[in-house]
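A look at the structure
In case you want the letters, here they are:
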Amino acid sequence: MQNSTPSVVILISGRGSNLNALIDHAKQTGAYQIRAVISNRPAAAGLALAQSAGLDTAILDHTEYKSREAFDSALAGLIDQYQPDWLVLAGFMRVLTAGFVNRYLGRLVNIHPSLLPAFPGLKTHQQALEAGVRVHGVTVHLVTPELDHGPIVDQALLQVLPGDTAETLAARVLGLEHQIYPRAVAALASGQIKMVNGKLEGTLAPALVHAIQ
Ligand code: GRF
């Protein structure tokens, strides 16, 4: 895709553990360069993580905007200053407008803590417990205007164990998130996998196939 290292901007809202995994992977492999980390919440712990890694950070507080459109438009203006090849959502807890999504279509990726298309939206681990599923997991997908429905890049799964709670499931799924997200972002950034006419083309290396744990 590019001759130089692909660049990404990462959007966060909170803790930033996926951000941390993405930073580590970039340091270890050089697969992508993180141009900036943007948070819609001023108190997001991930901002300090990014700063201590020497990354540019910015805050765009959504509560200061009157509408979703106004916020998304300001966000796009900020992102475009960094001219990233890819936009990576890492625990960014905002529904994005179709206008925003379409602007970055094919280069906007998200991680969602369920095996999509099961359990879109919030409280995915509770949803999984209530549905009584025996397996649960995580999905990396490209973002399209329909929430949590874009083409699936990678998934990893685990067994739901007797006695599991939303918290224990969340903790185990998070471990899987940290394994699959950086490598999926690297595969997308390199052009190994890309969206063509709304579908994904290309395959992930076998290292990205995970057994039930
Ligand atoms: C993760 O579970 C992610 O899948 C979801 O929000 C959580 C963010 O966690 N979208 P962190 O901020 O990356 O630690």
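Description of the structure in this document. Bear in mind the structure is a predicted one, so any value in this text is a computation, not a measurement. By convention here, each chain's residues receive numbers from 1 onward along its written sequence. Local features in this predicted model are restricted to residues of pLDDT 70 or higher, and side-chain atom pairs are both shown and tallied only at a pLDDT of 80 or more, whereas totals for entire chains, interfaces and linings draw on every residue. The side-chain values count all of the structure's non-hydrogen atoms but skip hydrogen atoms and water molecules.

1. Considerations on the overall build of the protein
Think of it this way: any DSSP run of H or I at least four residues long counts as a helix, any run of E at least two long counts as a strand, and we number them from the N terminus. In terms of helices and strands, the protein carries six helices and nine strands. The globule rule puts the C-alpha radius of gyration for 213 residues at 17 Å, and the 17 Å found for the protein is close to it. Projecting the C-alpha coordinates of the protein onto the three principal axes gives extents of approximately 50 × 40 × 35 Å. Burial classes follow relative accessibility: with a 1.4 Å probe on protein chains only, a residue under 20% of its type's maximum area counts as buried, one over 50% as exposed, and anything between as partly exposed. Within the span of the protein, comprising 213 residues, buried residues form 48% of the whole. Contacts are residue-level and defined by heavy atoms, with any inter-residue pair within 4.5 Å sufficient. Counting contacts in the protein only where the partners sit at least 6 residues apart, residues at least 24 apart contribute 64% of the total. Summing over all exposed atoms, the protein offers an accessible surface of approximately 10,100 Å²; the carbon and sulfur share of this is 52%. Computing the positive centroid from 15 side-chain charges and the negative centroid from 16, the protein places the two 1 Å apart. The quantity called the radius of gyration is restricted to C-alpha atoms. Its globule counterpart is 2.2 Å times the number of residues to the power 0.38. Throughout, the Shrake-Rupley method with a 1.4 Å probe supplies accessible areas, and for residues the shown protein chains are the sole cover considered. Just so you know, the count uses Lys and Arg for positive and Asp and Glu for negative, and it drops His and the chain ends. Throughout, a charge is located at the NZ atom of Lys, the CZ atom of Arg, the CG atom of Asp or the CD atom of Glu.

2. Let's talk about the nonpolar core
Ranked by internal contacts, the top residues of the largest apolar core, which has 39 residues, are Ile10, Tyr32, Ile34, Val109 and Tyr181. Setting aside residues no more than four positions away along its own chain, isoleucine 10 makes contact with Leu19, Leu22, Ile34, Ala36, Val37, Ile38, Val88 and Ala90. The term nonpolar core refers to a set of buried residues drawn from Ala, Val, Leu, Ile, Met, Phe, Trp, Tyr and Cys, joined through side-chain atoms within 4.5 Å. Val9, Tyr82, Leu96 and Val143 belong to the second largest nonpolar core, which has 21 residues in total.

3. Some thoughts on the site of the ligand
Residues are counted as near a molecule or strand when any one of their heavy atoms sits within 4 Å of it. In the vicinity of the ligand, the contacting residues are Arg15, Gly16, Ser17, Asn18, Gly91, Ile111, Pro113 and Glu177. Distance and chemistry together define a polar contact, namely a pair of N or O atoms within 3.5 Å, with one atom able to donate a hydrogen and the other to accept it when in protein, and with adjacent residues in sequence counting only for side-chain atoms on both sides. Between arginine 15 and the ligand, the recorded distance is 2.5 Å, taken from a side-chain N or O atom to an oxygen atom. Separating an oxygen atom of the ligand from a backbone N or O atom of glycine 16 is a distance of 2.8 Å. Its atoms largely coinciding with the cavity grid, the ligand occupies the largest pocket. Every definition here rests on a 1 Å grid over the protein atoms only: cavities are sets of points where a 1.4 Å probe fits but cannot get out, pockets are open sets enclosed by protein on both sides within 12 Å along at least five of seven lines, and lining residues have some atom within 4 Å of a point. A molecule is counted as occupying a cavity or pocket when more than half of its atoms fall within 2 Å of that pocket's grid points.

4. Focus on the pattern of salt bridges
What makes a salt bridge here is a side-chain nitrogen of Lys or Arg within 4 Å of a carboxyl oxygen of Asp or Glu, nothing more. Taken as a whole and judged by the stated rule, the model has two salt bridges. With a closest N to O distance of 2.4 Å, aspartate 80 and arginine 103 form a salt bridge. In this pair, aspartate 80 sits in helix 3 (residues 68-82) while arginine 103 sits in helix 4 (residues 98-103), placing the two residues 23 residues apart along the sequence. The salt bridge involving arginine 172 is made with aspartate 164; its shortest N-O contact spans 2.9 Å. You can call arginine 172 partly exposed: its relative accessible area is 27%.

5. Quick word on the packing of helix 5 (residues 124-131) against helix 6 (residues 166-189)
Here an axis means a line fitted to C-alpha atoms, over the contact stretch when the element is a helix, while the angle between two N-to-C directions is reported on a 0 to 180 degree scale. Where helix 5 meets helix 6, the closest approach of the two axes is 9 Å, and the angle between their N-to-C directions is 120 degrees. Comparing their axes, helix 6 and helix 5 come out oblique. Relative to helix 6, helix 5 is oriented so that their crossing is right-handed. Here His125, Gln126 and Leu129 of helix 5 lie close against helix 6, whose contacting residues are Ala166, Leu169, Ala170 and Val173. Classification used: nonpolar for Ala, Val, Leu, Ile, Met, Phe, Trp, Tyr, Cys and Pro, charged for Asp, Glu, Lys and Arg, polar for all others including Gly. In terms of residue class, the contact of helix 5 with helix 6 is built from five nonpolar, two polar and no charged. Here is the rule for angles: anything less than 35 degrees is roughly parallel, anything more than 145 is roughly antiparallel, 65 through 115 is roughly perpendicular, and the remaining ranges are oblique. Here is the rule for handedness: rotate from the far helix to the near one, and if that takes an anticlockwise turn smaller than a right angle the crossing is left-handed, while a clockwise turn gives right-handed.

6. Re the pairing of strand 5 (residues 108-112)
For a regular strand, the rule is simple: side chains alternate between the two faces of the sheet. Most of strand 5 is tucked away, with five of its five residues classed as buried. Along strand 5, one buried face is formed by Leu108, Asn110 and His112 and the opposite face, lined by Val109 and Ile111, is buried too. Pairing analysis gives three bridges linking strand 4 (residues 86-89) to strand 5, with the strands arranged parallel. Residue pairing in the sheet places valine 88 in a bridge with valine 109 of strand 5. Since strand 4 and strand 5 lie parallel, the crossover through helix 4 that links them has a hand, and here it is right-handed. A pair of strands is treated as paired once DSSP finds two or more bridges between them. Bridging between strand 5 and strand 6 (residues 135-142) involves four bridges; their strand directions are antiparallel. Within the sheet, the bridge partner assigned to isoleucine 111 lies in strand 6 and is valine 140. Clockwise travel from the first strand over the helix to the second, with the strands pointing away from the viewer, marks a crossover as right-handed.

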